[in-house]
Amino acid sequence: MTLSTLAGAAGLAVAPPPPRPDQAAVEAILTALRDTFGELVTTAAATREQHANSASWIVAQPPDAVVFPQCTADVQKIVRICAAHRVPIVPFGTGTSLEGQINAPFGGVSVDTRDMNRVLAVHAEDLDVVVEPGVTRKQLNEHLRDQGLFFPLDPGADAALGGMAATRCSGTNAVRYGTMKDVTLALKAVLANGELMTTARRAKKSSAGYDLTRLFVGSEGTLGIITELTLKLHGIPEAIAGGVCPFPTVEAACKTVIATIQIGIPVARIELMDALQVKAVNAYSRLALPETPVLFVEFHGSPASVAEQSEHFGEIAAEHGGGPFDWATRPEERSRLWQARHDAYWAANALRRGAKAIASDVCVPISRLAECVTATQADIAESGLVAPIVGHVGDGNFHLALMVDTEDRDEVVRAEALLERMVERALAMDGTCTGEHGIGQGKMKYLKAELGAPALAVMAAVKAALDPAGIMNPGKIVAAG
């Protein structure tokens, strides 16, 4: 059953996808865009390819042109030009999304917000900041450091904050500080008709109408283009302690995570690497970690509290056969470890030369984590594939870096089947097909099984109401047809 049928059965309308623009329409918008933006518009093949998906096995589909707006008013002009010719618009941050969110399956214009990278206001007394979408998380934290504040979300890549909101990302600190839906107070977004909408004010809470902020957080550019964000901040902790704890099995590591969370230790980060991923990290980052499953752990607070938390965690780990837990407070030691964790994807790439790393994630309730990870490990072994596991396991989220020879059709089929079973396993445990990568083009097929037909029909209706011509990042999350 198609979404059109689903929505029709529910009495809801669906925005049809636009046809790929004919050459006349493309030339018309290019003329209008060049007249308005000059050299900020490009049709160079290399730039267009750069703005298509390249981080998965989803076929890259470049846009017809790329535009670099300098401000919100520029975004409004771009949208109005494209809307007049019913030409698709694909928002672009830094291009680090993993599920085909930046592809242009119907052609159109990629709107790259790299130059909208200003920190507009820091309200230190209120612990919030207002930024443009092209500001990256590293840029923001460098800006905040002298004020004793930091933005906690860390998805690994130096992603743009607009893209982080659009994909509802999280990362290593999410177990303590939440995801983008928790730290985003308000947004400004340009809608499909070129109008600018404000979703909320800076107040820490509100019950004024629909929660439009959270509607746009995770919408992946299908409802509009985010042009301004108001985000929560935190004070830089007085003390930080962290380290690595080895375990005999992944199951033992996961059970330690479950116990740590359930007992209420306020861990800031707790990350899993299986033995294969540790082997890859040792080679890539020149470490000497024991090549067994390990947990990378970090605690924030006062010197006394982080010492107490570290000792308590070490005791829990020992009860599950883990340890010794070596923890350190020196920033350079912690930075080296966490840089190695962030380089896990590139380390995995080096495990099998000539293969492509396909990253995928699921998330399950914390009580089912050990069961889900160990079952996935057994499935990988039975499939004869190479796929190290890493995870933000404090909130039940883990990832595969599946190394695939994309020229070997049999291997591709086995890999696709493995990923299907991983998602089915997570859904059977009342989990989700994606904890933080998003839906894009890659995981659309799982939404019906996860949420049901009525939920998909409501999503389609929201899309149709806000984007009746279907020009905002079409072919992502929900699609007609």
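Residues numbered from 1 in each chain as written. Predicted model: local features only at pLDDT ≥ 70, side-chain atom pairs only at ≥ 80, totals over all residues. Heavy atoms only, no water.

**Student:** Can you tell me about the sheet that holds strand 2 (residues 65-67), naming the residues and giving the values?
**Tutor:** On the basis of which strands lie adjacent, the open sheet formed by four strands has the order 1-2-4-3 and mixed pairing. A strand with exactly one partner marks an edge of an open sheet, and here the two such strands are strand 1 (41-42) and strand 3 (89-92). One ladder, built from three bridges, connects strand 2 with strand 4 (residues 109-112); its direction is parallel. Within strand 4, the residue paired with valine 66 across the bridge is serine 110. (Pairing = 2+ DSSP bridges. Helix = DSSP H or I, 4+ residues; strand = E, 2+ residues; numbered from the N terminus.)

**Student:** Describe unusual backbone geometry, listing the residues and the values that go with them.
**Tutor:** Residues apart from glycine generally show negative phi values, whereas peptide bonds are mostly found in trans. Backbone torsion omega between glycine 323 and proline 324 reads 0°, so that peptide bond is classified as cis. If you trace the backbone, proline 324 turns up in the loop between helix 12 (303-319) and strand 15 (326-328). Although it is not a glycine, arginine 86 adopts a positive phi angle of roughly 50°. Take arginine 86: it is sitting in the loop between helix 4 (72-84) and strand 3. The class of arginine 86 is partly exposed, set by a relative accessible area of 35%. (Buried < 20%, exposed > 50% of the residue type's maximum accessible area, 1.4 Å probe, protein only.)

**Student:** I'd like a description of the layout of surface pockets, backed by residues and values.
**Tutor:** Here the idea is plain: a probe the size of a water molecule rolls over the atoms and shows the empty space left. Of the volumes computed, that of the second largest pocket is approximately 910 Å³. Lining the second largest pocket we find 35 residues, and of these Arg168, Val217, Gly218, Ile439 and Met459 sit closest to its centre. Of all elements in the fold, only helix 8 (180-183), helix 9 (212-216), helix 17 (447-451) and helix 18 (453-466) reach the threshold of two or more residues within the lining of the second largest pocket. Here the lining of the second largest pocket gets four residues from one element, more than from any other, and that element is helix 18. Grouping the amino acids of the lining of the second largest pocket by side-chain chemistry returns 13 nonpolar, 12 polar and 10 charged. (1 Å grid on protein atoms, 1.4 Å probe; cavity = no way out; pocket = protein on both sides within 12 Å on 5 of 7 lines; lining within 4 Å. Points joined across faces, edges and corners; volume = space filled by probe spheres on them. Nonpolar A, V, L, I, M, F, W, Y, C, P; charged D, E, K, R; others polar.)

**Student:** Residue-level account of the nonpolar core, with values.
**Tutor:** Counting residues in each nonpolar core, the largest one holds 53 residues, and the members touching the most others are Leu272, Leu295, Phe313 and Leu402. Top contributing element to this core by residue count: helix 16 (residues 409-428), with seven residues. Core analysis: the next-biggest nonpolar cluster, separate from the first, contains 27 residues, Val129, Leu149, Ala159 and Leu231 among them. (Core = buried A, V, L, I, M, F, W, Y, C linked by side-chain atoms within 4.5 Å.)

**Student:** Help me get a handle on the sheet that holds strand 12 (residues 239-246), residues and values and all.
**Tutor:** Strand order in this open sheet of seven strands is 15-12-14-13-17-18-16, and the pairing throughout is antiparallel. Each edge of the open sheet is held by one strand with a lone partner, namely strand 15 and strand 16 (356-363). When the angles between neighbouring strand axes are averaged without regard to direction, this sheet yields 20°. Across four bridges, the pairing between strand 17 (residues 389-392) and strand 18 (residues 397-404) is antiparallel. Residue pairing for strand 18: valine 390 is matched across the bridge by histidine 399. Against the sheet, helix 15 (residues 369-383) contacts strand 13 (267-273), strand 17 and strand 18, and its axis sits at roughly 10° relative to strand 18. Where helix 16 meets the sheet, it contacts strand 16 and strand 18, and its direction lies at approximately 170° from that of strand 18. (Axes fitted to C-alpha atoms, helices over the stretch in contact; angles between N-to-C directions. Contact = heavy atoms within 4.5 Å.)

**Student:** Before we move on, could you go through the packing of helix 10 (residues 250-263) against helix 12 and cite the residues and values that matter?
**Tutor:** Axis separation between helix 10 and helix 12 bottoms out at 9 Å; the angle between their running directions is 135°. The angle between helix 10 and helix 12 places the two elements in the oblique class. Here helix 10 and helix 12 pass one another in a crossing that is right-handed. For the pair formed by helix 10 and helix 12, the contact residues are Thr256, Ala259, Thr260 and Ile263 on the first element and His312, Phe313, Ile316 and Ala317 on the second. Considering only residue class, the contact of helix 10 with helix 12 consists of five nonpolar, three polar and no charged. (Parallel < 35°, antiparallel > 145°, perpendicular 65-115°, else oblique. Left-handed = near helix turned anticlockwise from the far one by under 90°.)

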